[in-house]
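# A closer look at the structure
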Amino acid sequence: MKKIICAAVLIFFGGVSTSNAQQKPYFQQRVDHQIKVRLDDKSHYLHGEMTMRYTNNAPDTLREIYMLVYPNAFSTDRSAFAIQSVENGNTAFYLADKEDWGFIDSLFFEQSGLPVAFTPTQQPDIIRLNLAEPIPPGGSTELHTPFRVKIPKAFSRLGHEGQSYHIAQWYPKPAVYDAQGWHLIPYLDQGEFYYEFGSYDVSITLPENYVLLATGDLQTETEQQWLRQRAAKQDVDSLDKAQPSSSGLKTVRYTAEQVHDFAWFADKNWLLKWDTVIVPETGHQVEVWLAFPPESKAKADKAVKATRDAITFYSEQVGPYPYASVKVVEGPLSAGGGMEYPTITVIGKGYLTEDVVIHEVGHNWFQAMLGSNERSYPWMDESINSYYEQLLNAKSQDSVKQRMAALGMASVYKYTMATRNAYAIGASADYYPSTAYGLDIYGKGPAYIAWLAAYMGQEQFDNAMKEYFQTWKFRHPQPVDFESIFRKHSAKNLDWFFADGLNSELPVDFSIKKVGGKDAPNSVILKNKTGFAGPVAIVTDSSAYMHWVEPFQGSKKVQLPHGFREARIADVIPDFAAANNTTKRSLALRPLFSTRFSNEYKHFIIPAMGYNVYDRFMLGLGLHNMQFPEQPFRYGIAAMYGWGSNTVVGTGFVTRSFYPKGASAFQEILLSLYAKRFSYRTTYLDDYDNPKAQFLSIVPELRLYFKKPFPRSTTSQWLALKAYYIQEGKFAYHPDPNDDTRYLPEKDGYGTNTYLTVDYDFANERTFNPYSAHAGLQLGQRLVKLSAEAKLKIDYFYKDKAIFLRAFGGRLWHLNTEPMQNARYYFASTYSGWNDYLYEYPFIGRNHSSTLASQQIYMKEGGMKVPTLMYANQVGLGARWMFAANVKVDLPIGLPIQLFADVVRISDAEQVNSEGSKWLYDAGISLRLFRFMDVYLPLLMSPEHQMYKESVLGKNAFFKSITFQLHFDKLYWPRIQRLF
């Protein structure tokens with residue numbers, strides 16, 4: 001975790017100052033706010049003043065208060081927010097014009113009339129107030145400051161889109177000081193907040209024709225009447241989206257008690273819906289408000305119903321809703337689908353669905369009332385809330401919604417379990433890679449909560465949750481507080497959840513099989529492959545009754561209380577491998593593909609098609625077992641008939657993944673076997689139909705994927721060892737009976753070659769300026785070949801444009817042969833099918849020296865773009881060594897056009913180049929088509945290439961010098977599922 005030092009205090013992104021981190025008895029500070037603010041919607045500024053009464057309930061005297069000034073997160077590209085956003089691949093703020101950034105200034109703090117100095121920290125959105133008067137235990141003080149906020153564009157939670165405003169994290173507020181010390185939490189997009197409870201009295205001045213909804217209760221009667229009148233009028237056509245702001249202003253006052261934050265939202269074009277809901281148990285009436293743009297009118301009634309349902313359901317399941325209103329607005333949010341604040345939530349444009357509304361309204365319990373530290377313990381907020389959201393969705397009358405609720409996010413978090421990319425749900429929000437944060441906290445987390453509830457028993461779990469709510473509402477519960485209450489309500493040992501489940505990154509995998517024989521007719525053998533002792537539930541036949549087996553590791557024989565035809569692991573267990581979860585296992589043959597959520601071992605038949613100039617059109621069938629989520633053993637085989645070669649061709653692979661546990665340096669060990677058989681020719685005689693031979697390539701591979709140094713690392717690296725067995729059809733030549741000056745080719749048996757390669761690959765896929773490096777060693781019967789390649793993308797920030805640099809170097813040693821006898825192994829300036837002696841890449845015309853098929857190339861070795869295959873010996877072959885530099889530059893226009901240039905230096909040029917030049921070059925224009933194809937148009941080239949173009953290519957030389965590359969080489973079949 002990244003550390004920063006400020007004012008002799010060690011601050012973590014996770015948030016606790018170690019200077020006061022010694023444990024104290026529980027206490028909770030209180031902060032009461034009075035804020036007056038005016039919106040300038042022409043320049044997008046807020047002008048305000050704040051009076052804050054800070055009550056010190058700590059056992060020690062406070063001489064400083066740390067303040068969060070979150071608008072400053074948008075004032076620099078070095079804030080924690082900006083850095084994390086770029087790391088997560090979101091560059092909108094980083095690349096925006098600075099005039100669209102935001103800030104807070106004009107701060108001048110006074111304490112009881114005395115000026116209070118403040119000092120910055122290394123985080124621009126955290127400052128330290130050096131109090132003029134210390135605050136003793138039990139004492140309180142009043143602080144006052146003016147402030148001005150430049151509202152940024154909608155990059156995250158605080159922002160505007162035109163004159164639609166979402167004003168959150170907008171005023172100076174104190175960091176939480178609790179028994180753990182100061183929580184110095186900078187603003188982040190991924191990771192939410194931790195604030196002190198208190199009261200708010202906020203007056204907002206803005207043009208009269210704005211709809212304004214905010215935290216708390218509206219105290220302005222005229223505004224209440226105006227909103228009711230607007231809610232009664234749903235005439236979309238009467239709204240002018242370009243309506244100017246009223247010249248007259250209004251001041252709207254909201255107050256709130258027992259809340260830890262205040263947010264407000266304003267838009268001139270919103271439609272409104274108003275309703276009420278009665279809270280179970282207390283019977284008090286709650287106003288329901290929905291504000292939405294006209295284009296969401298069709299969704300409005302369902303959104304209101306979802307809001308009412310959420311208030312009712314959460315009140316029944318957790319505890320009664322205490323506030324007088326609940327509000328939902330749809331606005332220009334750029335931080336996920338929705339964001340919650342006390343009594344009000346904002347839904348991002350296009351996300352006004354029942355699921356999102358329920359989830360966000362549910363946050364009024366987790367975390368508005370149960371004010372846990374969301375940054376440090378997101379599972380206490382998002383995971384528990386998502387659990388209740390899924391419970392409510394499961395009660396829906398909509399059968400599709402019920403199925404989706406039952407599935408939840410199982411498909412995605414089980415995918416990361418299957419690939420060993422899941423993370424422990426007990427980590428802090430800024431620990432996770434951005435995708436994993438969503439999958440683990442919102443998917444895996446609620447699944448673990450459901451597992452706990454089922455194990456405890458739903459009644460015991462519900463009772464525990466209600467006591468947790470009653471005990472800790474309007475307070476700051478820690479994980480230990482949640483744990484102690486839930487342990488109190490269960491006689492079972494819950495260590496598996498609190499000690500292991502919250503902290504384990506291992507996937508959940510139980511298997512079951514029936515025990516045969518008369519001595520154990522009702523027995524099963526369970527195996528726990530999870531890596532920590534966990535409980536498992538068994539259901540039999542169609543019964544809903546779950547037989548629980550207490551936490552165990554390894555294997556266990558279990559006697560069930562009655563006979564059964566089928567026993568299976570209960571669906572409530574978040575097990576990613578469903579096929580071994582039943583005693584009734586079966587093989588199934590299905591068309592195409594499907595998911596891996598049943599007890600069948602599935603195999604799939606798919607049509608297989610292909611084309612190359614030798615086999616021509618190929619048609620056949622494929623067989624595979626690729627599913628989602630993937631399984632350790634995978635295979636894919638395609639057999640086809642080639643109409644041009646009149647023979648059977650095809651390709652296939654078999655692979656097995658192993659995932660080391662413990663302190664291994666490797667994340668995954670992959671054993672694979674590849675095979676392919678297709679037709680080709682080894683003759684230049686393209687002008688008439690000559691025989692096609694076939695090559696056969698069989699390649700076993702061992703690939704080792706290294707663990708990342710830390711979860712959010714953008715680096716990856718692997719080491720691969722491959723052996724190649726290659727069988728190639730050979731040709732012999734005999735005189736043409738009709739022309740004794742010509743010789744015709746005919747098939748003449750097969751030759752074999754074997755190779756061994758070692759490859760190392762490193763990549764840093766950071767958002768800006770990513771780079772990679774590759775080193776390879778080839779050993780063959782005739783050669784030792786060593787090569788290295790480096791790539792760098794330099795972003796120049798013009799509409800995502802970049803410069804792409806590549807460097808290559810290689811050295812070749814010839815074994816027991818003269819170099820000229822090894823021409824096929826030379827380094828190639830332009831890499832084509834003739835140079836692919838390992839048969840690694842798919843070429844349409846692998847051995848063609850003319851026609852369009854011969855113009856296919858790959859960016860390998862020299863990386864040049866000019867094809868010279870009509871020469872018996874290509875231009876630019878390096879017999880002993882080669883160095884190359886390549887550059888491509890995106891043009892700053894809205895089309896996928898680049899300029900390219902290549903420079904190559906080769907050995908033995910006088911022997912292989914017609915002009916004897918050791919330096920070769922080309923330059924031109926490239927065009928990206930359909931994301932998988934590049935077309936290169938060389939316009940400038942070295943003398944050898946120019947002479948070749950003029951004297952050999954002849955007619956249509958310009959078009960014959962155009963080359964293209966297909967990016968199928970990026971598809972690594974053993975892990976192809978991870979691309980989707």
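A quick note: this is a predicted structure, and the numbers were derived from the prediction, not measured.

## Examining the overall build of the protein chain
Each helix and strand in the protein chain was counted, giving 16 helices and 50 strands. In terms of overall dimensions, the protein chain has C-alpha extents of about 110 × 80 × 60 Å along its principal axes. For the protein chain, the residues scored as buried account for 56% of the 980 residues in total. Look at the contacts in the protein chain between residues 6 or more apart in sequence, and 65% of them connect residues 24 or more apart. Accessible area of the protein chain: about 40,400 Å², with a carbon and sulfur share of 56%.

## Section: the sheet that holds strand 25 (residues 344-348)
With respect to topology, five strands assemble into an open sheet ordered 21-22-23-25-24, the strand pairing being mixed. Edge positions in the sheet fall to strand 21 (271-278) and strand 24 (338-341), since each of these pairs with one other strand and no more. Neighbour to neighbour, the strand axes of the sheet diverge by 15° on average, direction disregarded. Alignment of strand 22 (residues 285-292) against strand 23 (residues 325-331), held across five bridges, turns out to be parallel.

## Comments concerning helix 11 (residues 458-472)
Over its 15 residues, helix 11 extends 21 Å from the first C-alpha to the last, a length consistent with the 21 Å expected when each residue adds 1.5 Å. Looking only at helix 11, the buried set comprises Phe461, Asp462, Ala464, Met465, Tyr468, Phe469 and Trp472. Along the axis of helix 11, the buried positions cluster into a sector of 160°, meaning they face one direction only. Of the surrounding elements, those touching the buried residues of helix 11 are helix 4 (297-317), helix 6 (364-369), helix 7 (382-394), helix 10 (434-456) and helix 12 (479-488). Just downstream of helix 11, Phe474 is the residue with a positive phi angle, here 65°.

## A look at the side chain of Arg846
As for its position among the elements, Arg846 is in the loop between strand 44 (827-828) and strand 45 (877-878). Under the relative-accessibility criterion, Arg846 is labelled buried at 5%.

## A word on a positive patch on the surface
Together, Lys513, Lys527, Lys529 and Arg585 line one region of the surface with positive charge. By secondary structure assignment, the location of Lys529 is in the loop between strand 27 (523-528) and strand 28 (534-540).

## Quick notes on the side chain of Thr205
Here Thr205 shows up in strand 16 (residues 198-207). For Thr205, a relative accessible area of 16% puts it in the buried group. Engagement of the side chain of Thr205 in a polar contact is seen with the side chain of Thr251, the distance being 2.7 Å. Sequence-distant contacts of Thr205, defined by excluding residues within four places in its chain, comprise Val37, Arg38, Leu39, Leu249, Lys250 and Thr251.

## Focus on the packing of helix 7 against helix 11
Two measures define how a pair of helices packs: the angle their axes make with one another and the distance between the axes. One way to put it is that helix 7 packs onto helix 11 with a least axis distance of 14 Å and a crossing angle of 130°. In terms of orientation, helix 7 and helix 11 fall into the oblique class. Crossing handedness for the pair helix 7 and helix 11: left-handed. Contact residues: Ile384, Tyr387 and Tyr388 in helix 7; Gln458, Phe461 and Met465 in helix 11. Across the contact of helix 7 with helix 11, the residue classes break down as five nonpolar, one polar and no charged.

## Overview of helix 10
Look at helix 10: 32 Å from first C-alpha to last across 23 residues, which is about the 33 Å you get at 1.5 Å a residue. The principal kink in helix 10, of about 35°, is found at Asp440. Counting buried residues along helix 10, 18 of its 23 residues qualify, which places the element largely inside the surrounding structure.

## Here we look at the pattern of salt bridges
One pass over the full model with this rule turns up 26 salt bridges. Among the ionic pairs, Glu142 bridges to Arg53, the shortest N-O distance being 3.5 Å. Residue Glu142 is found in strand 10 (residues 140-150), and its partner Arg53 is found in strand 4 (residues 45-55); the two are separated by 89 residues along the sequence. Linking Glu789 and Arg806 is a salt bridge whose minimum nitrogen-to-oxygen distance equals 2.6 Å. Of this pair, Glu789 sits in strand 42 (residues 783-795) while Arg806 sits in strand 43 (residues 802-814), and the two are 17 residues apart along the sequence. Residues joined by salt bridges that share partners form a network here, namely Arg30, Asp32 and Glu257.

## Here we look at the pairing of strand 17 (residues 211-214)
Where burial is concerned, the two faces of strand 17 agree: the one with Val211 and Leu213 and the one with Leu212 and Ala214 are both buried. In this sheet, strand 20 (residues 264-267) lies alongside strand 17 in antiparallel orientation, the contact comprising four bridges. Considered in strand 20, the bridge of Ala214 is made with Trp264.

## Overview of the packing of aromatic side chains
Per the counting criterion, the structure on display carries 73 aromatic pairs. Pairing Tyr66 with Trp182 gives two aromatic rings, centres 5.5 Å apart and planes at 65°, and the pair type is edge-to-face. Of this pair, Tyr66 sits in strand 5 (residues 62-68) while Trp182 sits in strand 15 (residues 181-182), and the two are 116 residues apart along the sequence. Of the residues examined, Trp182 reaches a relative accessible area of 1% and is grouped as buried. Looking at Lys514, its charged tip hangs above the ring of Phe564, at a distance of 4.9 Å from the centre. Looking at Lys865, its charged tip hangs above the ring of Tyr936, at a distance of 5.2 Å from the centre.

## Thoughts on the confidence of the model for the protein chain
Interpretation of the predicted coordinates at a detailed level should be avoided for regions scoring low in pLDDT. Averaged over the protein chain, the pLDDT score is 88; the fraction of residues at 70 or greater is 91%. Counting interchain partners and residues more than four positions distant, the pLDDT-below-50 stretch residues 1-14 has 43 contacts.

Reading the values: the criteria
- Throughout this description, residue numbers start from 1 for each chain and increase along the sequence as written.
- The model is predicted, so local features are restricted to residues of pLDDT at least 70 and side-chain atom pairs to those at 80 or more, both for listing and for counting; the totals for chains, interfaces and linings are taken over all residues.
- Excluding hydrogens and water, the side-chain figures rest on all heavy atoms present in the structure.
- Helix and strand definitions here come from DSSP, where helices need a minimum of 4 consecutive H or I residues and strands a minimum of 2 consecutive E residues; each element is numbered from the N-terminal end.
- The classification of residues rests on relative accessible area computed with a 1.4 Å probe and restricted to protein chains. Under 20% of the type maximum is buried, over 50% is exposed, and intermediate values are partly exposed.
- Contacts are assigned to residue pairs that have any heavy atoms within 4.5 Å of one another.
- Computed by Shrake-Rupley with a 1.4 Å probe, the accessible areas treat only the displayed protein chains as cover when residues are assessed.
- We call two strands paired when DSSP finds no fewer than two bridges between them.
- Every axis in this analysis is a line fitted to C-alpha atoms, fitted for helices over the stretch in contact. Angles between the N-to-C directions lie between 0 and 180 degrees.
- One less than the residue count of a helix, multiplied by 1.5 Å, gives the span that helix is expected to have.
- The directions considered for the arc are those from the helix axis to the C-beta atoms.
- Residues form patches when they are more than 30% accessible in relative terms and have no salt bridge. Like charges link within 9 Å. Nonpolar side chains (Val, Leu, Ile, Met, Phe, Trp, Tyr) link within 5 Å.
- The rule for a salt bridge is simple: a side-chain nitrogen of Lys or Arg has to be within 4 Å of a carboxyl oxygen of Asp or Glu.
- Positive charge is attributed to Lys and Arg, negative charge to Asp and Glu, and no charge count is given to His or to the chain ends.
- A single reference atom marks each charge: NZ on Lys, CZ on Arg, CG on Asp, CD on Glu.
- The definition of a polar contact used here is a pair of N or O atoms within 3.5 Å, where within protein one atom must be able to donate a hydrogen and the other to accept one, and adjacent residues in sequence count solely through side-chain atom pairs.
- Any angle that is under 35 degrees is reported as roughly parallel, and any over 145 degrees as roughly antiparallel; angles of 65 to 115 degrees are reported as roughly perpendicular and all others as oblique.
- Two helices that cross are described as forming a left-handed crossing if the nearer one is turned anticlockwise from the farther one by less than a right angle, and a right-handed crossing if clockwise.
- Only Asp, Glu, Lys and Arg are considered charged in this grouping, and only Ala, Val, Leu, Ile, Met, Phe, Trp, Tyr, Cys and Pro are considered nonpolar; every other residue, Gly among them, is considered polar.
- Note that bend, as reported per residue, equals the angle between axes fitted to the 7 residues terminating at that residue and the 7 residues originating from it.
- In this analysis, rings of Phe, Tyr and Trp, with Trp reduced to its six-membered ring, are considered paired at centre separations within 6.5 Å, and the interplanar angle assigns stacked below 30 degrees, edge-to-face beyond 60, and tilted for intermediate values.
- In this scheme, Lys NZ or Arg CZ marks a charge over a ring once it lies within 6 Å of the ring centre and within 35 degrees of the ring normal.
- For every residue, the predictor assigns a confidence score, pLDDT, that lies between 0 and 100.

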